[in-house]
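Read off the chains here:
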Amino acid sequence: MDNNDEGDEEIFEDAFEVQPEYDALNLDTALMECKAALDLFFNNRFDEARLLLSPGVGKSMYHTMGNAVFLYIEAVLTFDQSIITKASEALKSCIDLCNKYRRKSTLSESLGRMVKKSNSNTITPEELHAELCYAEALLLKSLLTFIEDETLVSFIKAGLKIRTCYNSYKECNNILTTKKWTNEAHKVHFESGVHVGIGAFNLMISFLPSRVIKLLEFIGFSGNKEVGLAELAKCYQLKDGIRQVLSVMTILSYNLISIYVLSHEEGDLELSNKILEDQLQLYPDGLWFLYFKGRLEFMKCNISEANKFYIKSWKSQHVWPQFHHLCFWELMWTYCVILDWKEALVYASNLLKSSKWSRTIYAYQKISMLLMMPSLSSEEKEEINTLVQKIPYWRQRFAGKSLPMEKFCIRRCERYESQKFLILPAIELMYLWNLFKVIGKKWDLCHSIYQMILKSISDFESGKFASEFEYDNKALLLLLKGACLFQLKSYFQAEDCFKQVISMEKKIKIDTFLVPFASVELSLVYAKQGENQKAIHLLENVKKNYSGYSLESRLHFRIHSALLDFASFNKKFSEATQAC
């Protein structure tokens, strides 16, 4: 297989124009055509990519895997139950086909022993790649659980399902290092798959709350963030590897999305920028990398630049309108950040009208944008009332459970019906989606939101927001004020706000989540003041003494991330002290 640029271009065209017979498709042809299909896919030529793969689906494991991956991505984008089912069935077919190519005894039973006996060279390339595709299909099938439900129970169930997959990746890694390779193309494609698989596993497990990790470690799992990032970096360096682009997507998703939603940390924006420069040269109109470029600028709080790339990504293709919704979501928040509620409302309305992911969340977001407007027409007031009535009936259930954020939105609608107002609902959502640390990068934006919070506090104190939920509303305002002060680096003032929220614990009627959230924020203040032990003690206290509150699992991700960060800092500080 010719891996130079000119050869790749010739293979790309020839593979698409001339369809071979698939009765005895060899591994080299399968790898070549799947590489071509990936190039088509990331150039927004989705139908052509599927057409290239379709003759080999059910016969070639790589063609079958590629087809299942495309369906999986569509399921992630749409959250449509019928598409999720199709993706699950396609992955099941891929697993069944890979089992026909795999060595008959399972890796967990025999391959480990074979490696120890230096017999890894007896395994054929087809058997090795079948094992790798099998592990990948198992992983994606398990990850469908995460699409359906974000509760801790679902993570545990998914973790149990992918133990076989995890062991397969470990054994594939053993074989990679012991086998004498005679075909460099086979090795580089296999190696890229091993690195991206082990890297993704380590990252995923390292993110999970400690209560889940303890269970996973008990049954043989372990996860290390540094190992995960190092493995993904190795895959990224294998430019000819068929799965190199998967490492790119994983690295960008981690640094630009996961880390910002689930932790207090910053992603590696410099690395993300370097990767995106390379990918946008290869795929200048590719919707994925235009989107990630928009996300990169958003995380830098460069709002106009972010909007430019989100819009370019949205308009780059029309085959997958579901991807437009992802861009609409981002655009809604970028306009929220600059307090342009009218424009944010446009995208909130588009999501409610056209996306099937969660009408409950979308409808509540639209209500929130409307309530932030300085004045409302009678029609807009009527629309709010209508949506408030419909939201509970739009709640979705996956595996018998509701999404935690949907539950939160329903509770907020109940509050609106009780007191006929909500306090800064869109600002509260921005806080819950962890956008305050993005806003904090631009002083003027953060200060504008701070002034808005102060105005609401003044109105509250004057009696404008009188209701039976006095302390719930007051605690929310103080939490938002403290979060803004933290971003403005006024740590002592922020500390006072969070302590006031915690002191109201017995007076808060419904919004009990405010106290553990304020406690976590207070721990971050302590850390900024160099009091890591106080911070750790407070986080452990939240884990031990609070449960059953709104968005609990989301906060546990932040707690876990903070504890790892503080522990790492303490270790480095101790080592530096001993060295001195």
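Cut-off values and rules
Residues numbered from 1 in each chain as written. Predicted model: local features only at pLDDT ≥ 70, side-chain atom pairs only at ≥ 80, totals over all residues. Heavy atoms only, no water. Helix = DSSP H or I, 4+ residues; strand = E, 2+ residues; numbered from the N terminus. Buried < 20%, exposed > 50% of the residue type's maximum accessible area, 1.4 Å probe, protein only. Contact = heavy atoms within 4.5 Å. Areas by Shrake-Rupley, 256 points an atom, 1.4 Å probe, with all protein chains shown as cover. Disulfide = S-S within 2.5 Å. Core = buried A, V, L, I, M, F, W, Y, C linked by side-chain atoms within 4.5 Å. Expected span 1.5 Å × (residues − 1). Polar contact = N/O pair within 3.5 Å; in protein donor to acceptor, adjacent residues only side chain to side chain. Arc of directions from axis to C-beta. Salt bridge = Lys/Arg side-chain N within 4 Å of Asp/Glu carboxyl O. Phe/Tyr/Trp six-rings, centres within 6.5 Å; stacked < 30°, edge-to-face > 60°. Lys NZ or Arg CZ within 6 Å of the ring centre and 35° of its normal. Axes fitted to C-alpha atoms, helices over the stretch in contact; angles between N-to-C directions. Parallel < 35°, antiparallel > 145°, perpendicular 65-115°, else oblique. Left-handed = near helix turned anticlockwise from the far one by under 90°. Nonpolar A, V, L, I, M, F, W, Y, C, P; charged D, E, K, R; others polar. Patch = residues over 30% accessible without salt bridge, like charges linked within 9 Å, V, L, I, M, F, W, Y side chains within 5 Å. Lys, Arg positive; Asp, Glu negative; His and termini not counted. Charge placed at Lys NZ, Arg CZ, Asp CG, Glu CD.

Caption draft 1: Structural detail: the overall build of the protein. Secondary structure summary: the protein contains 29 helices and two strands in total. Within the span of the protein, comprising 580 residues, buried residues form 57% of the whole. Taking the contacts inside the protein whose residues are at least 6 apart along the sequence as the reference set, 69% of them involve residues at least 24 apart. Of the roughly 25,000 Å² that the protein leaves accessible, carbon and sulfur atoms contribute 53%.

Caption draft 2: Just the side chain of Gln 487, in detail. By the element assignment, Gln 487 lies in helix H25 (residues 470-487). Apart from the residues lying within four places of it in its own chain, the contact partners of Gln 487 are Phe 436, Lys 437, Gly 440 and Cys 446.

Caption draft 3: Just the state of the cysteines, in detail. In the structure shown here, the tally under the stated rule is zero disulfides. Free of any disulfide, Cys 413 has its nearest cysteine sulfur in Cys 409, 7.0 Å distant. Look at Cys 413 and you get buried, because its relative accessible area is 3%.

Caption draft 4: Region of the structure containing the nonpolar core. Counting 198 residues, the largest nonpolar core has Trp 288, Phe 289, Phe 298, Trp 333, Met 369 and Met 430 as the members making the most contacts within it. It is helix H7 (residues 125-148) that provides the largest number of residues to this core, a total of twelve residues. Ignoring any residue separated from it by four or fewer positions in sequence, one finds Phe 298 in contact with Ile 303, Ala 306, Tyr 310, Glu 330, Trp 333, Thr 334, Val 337, Leu 435 and Val 438.

Caption draft 5: Summary view of helix H9 (residues 163-178). Given a rise of 1.5 Å per residue, 16 residues ought to cover 22 Å, and the 23 Å separating the end C-alpha atoms of H9 matches this to within 8%. Among the residues of H9, Cys 165, Tyr 166, Ser 168, Tyr 169, Glu 171, Cys 172, Ile 175 and Leu 176 are the ones counted as buried.

Caption draft 6: Main features of the side chain of Thr 334. You can see Thr 334 is positioned in helix H17 (residues 321-337). With relative accessibility at 0%, the residue Thr 334 sits in the buried group. Within polar-contact distance, the side chain of Thr 334 engages the backbone oxygen of Leu 331 at 2.9 Å. Those residues within four positions of Thr 334 in sequence are excluded, and the remaining contacts are Phe 298, Ile 303, Ala 306, Asn 307 and Tyr 310.

Caption draft 7: Molecular detail of the environment of Cys 336. Note on placement: Cys 336 falls in helix H17. For the pair formed by Cys 336 and Met 430, sequence separation is 94 residues and the distance between their alpha carbons is 8.0 Å. Setting aside residues no more than four positions away along its own chain, Cys 336 makes contact with Trp 341, Ala 344, Met 369 and Met 430.

Caption draft 8: Representation of helix H12 (residues 225-237) within the structure. For H12, spanning 13 residues, the distance from its first C-alpha to its last is 19 Å, which sits close to the expected 18 Å at 1.5 Å a residue. Burial in H12 covers these residues: Gly 228, Glu 231, Leu 232, Cys 235 and Tyr 236. Seen from one end, H12 has its buried residues packed into an arc of 145°, which puts them on one side. Away from the buried face of H12 by more than 90 degrees, exposed residues Glu 226 and Gln 237 are located. The elements touched by buried residues of H12 are helix H10 (184-207), helix H13 (244-262) and helix H14 (269-282). By the N-cap criterion, in which a side-chain oxygen at the helix start approaches the backbone nitrogen of a residue two or three places on, H12 is capped by Asn 224, the distance to Glu 226 being 2.9 Å.

Caption draft 9: Structural context of the pattern of salt bridges. If you walk through the whole model with that rule in mind, you get 25 salt bridges. Its salt-bridge partner being Arg 50, residue Glu 74 comes within 2.9 Å of it at the nearest N-O pair. Taken together, the residues span a long stretch of sequence, with Glu 74 in helix H4 (residues 61-78) and Arg 50 in helix H3 (residues 46-53) at a distance of 24 residues. Look at Glu 74 and you get buried, because its relative accessible area is 14%.

Caption draft 10: Region of the structure containing the packing of aromatic side chains. In the structure shown here, the tally under the stated rule is 31 aromatic pairs. Positioned over the ring face of Phe 469 is Arg 415, at 4.2 Å from the centre of the ring. One Lys or Arg, Arg 554, reaches over the ring of Trp 433 and ends 4.3 Å from the middle of that ring.

Caption draft 11: Just the packing of helix H19 (residues 359-372) against helix H20 (residues 378-390), in detail. Closest axis-to-axis distance for the H19/H20 pair is 10 Å, and the angle between their directions is 150°. In terms of axis orientation, H19 runs roughly antiparallel to H20. Crossing geometry of H19 relative to H20 is assigned as left-handed. Contacts between H19 and H20 involve Ala 363, Lys 366, Ile 367, Leu 370 and Leu 371 from the first element and Glu 380, Glu 383, Ile 384, Leu 387 and Val 388 from the second. Of the residues that constitute the contact of H19 with H20, the class distribution is seven nonpolar, no polar and three charged.

Caption draft 12: Layout of a positive patch on the surface. Residues Arg 395, Arg 397, Lys 407 and Arg 411 make up a contiguous surface patch of positive charge. For Arg 411, the location among the structural elements is in helix H21 (residues 404-419).

Caption draft 13: Quick look at the environment of Asp 472. Of note, Asp 472 is situated in helix H25. Asp 472 gets classed as buried once you look at its relative accessible area, which sits at 1%. The spacing of Asp 472 and Glu 505 is 33 residues in sequence and 9.4 Å in space, taken between C-alpha atoms. The residues touching Asp 472, leaving out its near neighbours within four places in the chain, are Arg 415, Ile 508, Lys 509, Ile 510, Asp 511 and Leu 514. Only 2.8 Å separates the side chain of Asp 472 from the backbone nitrogen of Ile 510, close enough to count as a polar contact.

Caption draft 14: Molecular detail of the environment of Gln 237. The residue Gln 237 is located in helix H12 in this model. Owing to a relative accessible area of 55%, Gln 237 belongs among the exposed residues under this scheme. Linking Gln 237 and Ser 192, residues 45 residues apart in sequence, is a C-alpha distance of 9.0 Å.

Caption draft 15: Spotlight on the packing of H17 against helix H18 (residues 341-354). Where H17 contacts H18, the two axes come as close as 8 Å, and the packing angle between them is 155°. Relative to H18, the element H17 lies roughly antiparallel. As for the relative orientation of H17 and H18, their crossing is left-handed in sense. The segment H17 lies against H18, with His 325, Phe 328, Trp 329, Leu 331, Met 332, Tyr 335 and Cys 336 engaging Trp 341, Glu 343, Ala 344, Tyr 347, Ala 348, Asn 350, Leu 351 and Ser 354. Here the residues of the contact of H17 with H18 sort into eleven nonpolar, three polar and one charged.

Without other data, these values stay purely geometric and don't point to any function.
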